[in-house]
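Structural overview
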Amino acid sequence: RAVGATVDVYVQNIHKTRAMETAFETYHRQYPSEHVELHIFNLSHDRWLIIDEEVYHFGASIKDLGKKWFSVDRITEYTADELIARL
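Considering the pattern of salt bridges
For the coordinates displayed, the defined rule picks out 3 salt bridges. Put simply, Glu25 and Arg18 hold a salt bridge, and the shortest N to O gap is 3.3 Å. Between Glu54 and Arg74 there is a salt bridge, and its shortest N-O distance comes to 2.5 Å. Of this pair, Glu54 sits in strand E4 (residues 54-58) while Arg74 sits in strand E5 (residues 72-75), and the two are 20 residues apart along the sequence. Connected through shared salt-bridge partners, Arg18, Glu21 and Glu25 make up one network.

Quick word on the sheet that holds E5
Spatially, the 3 strands line up as an open sheet ordered E3-E4-E5, and their pairing is antiparallel. Of all the strands in the sheet, just strand E3 (47-51) and E5 have a single pairing partner and so form its edges. Geometrically, the sheet is characterised by an average inter-axis angle of 25° between neighbouring strands, direction not taken into account. Across 5 bridges, E3 lies against E4 in antiparallel orientation. Pairing of Arg47 across the sheet is with Phe58, part of E4.

Criteria and thresholds
Residues numbered from 1 in each chain as written. Predicted model: local features only at pLDDT ≥ 70, side-chain atom pairs only at ≥ 80, totals over all residues. Heavy atoms only, no water. Salt bridge = Lys/Arg side-chain N within 4 Å of Asp/Glu carboxyl O. Helix = DSSP H or I, 4+ residues; strand = E, 2+ residues; numbered from the N terminus. Pairing = 2+ DSSP bridges. Axes fitted to C-alpha atoms, helices over the stretch in contact; angles between N-to-C directions.

Everything listed is a geometric property; what it means functionally is a separate question.
Following this line, the structure appears as structure tokens:
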């Protein structure tokens, strides 16, 4: 990613496990200049990915990628800022 780019990960409180916290701590030790911020967000269960201004929606959990049917849709109806404002 570009210098100065930020990464924010939003998860429901039930998914903030000790294993996830350990994974973030390990990542930060291995890549100290590439901070990733973990946030709790319980208002949505959907799976969104925002890269710059591109918005994607995953039809199933990422853990299910490669199992049966799986879809990823690029959302063009609104911008990343509009999606974030709605949430």
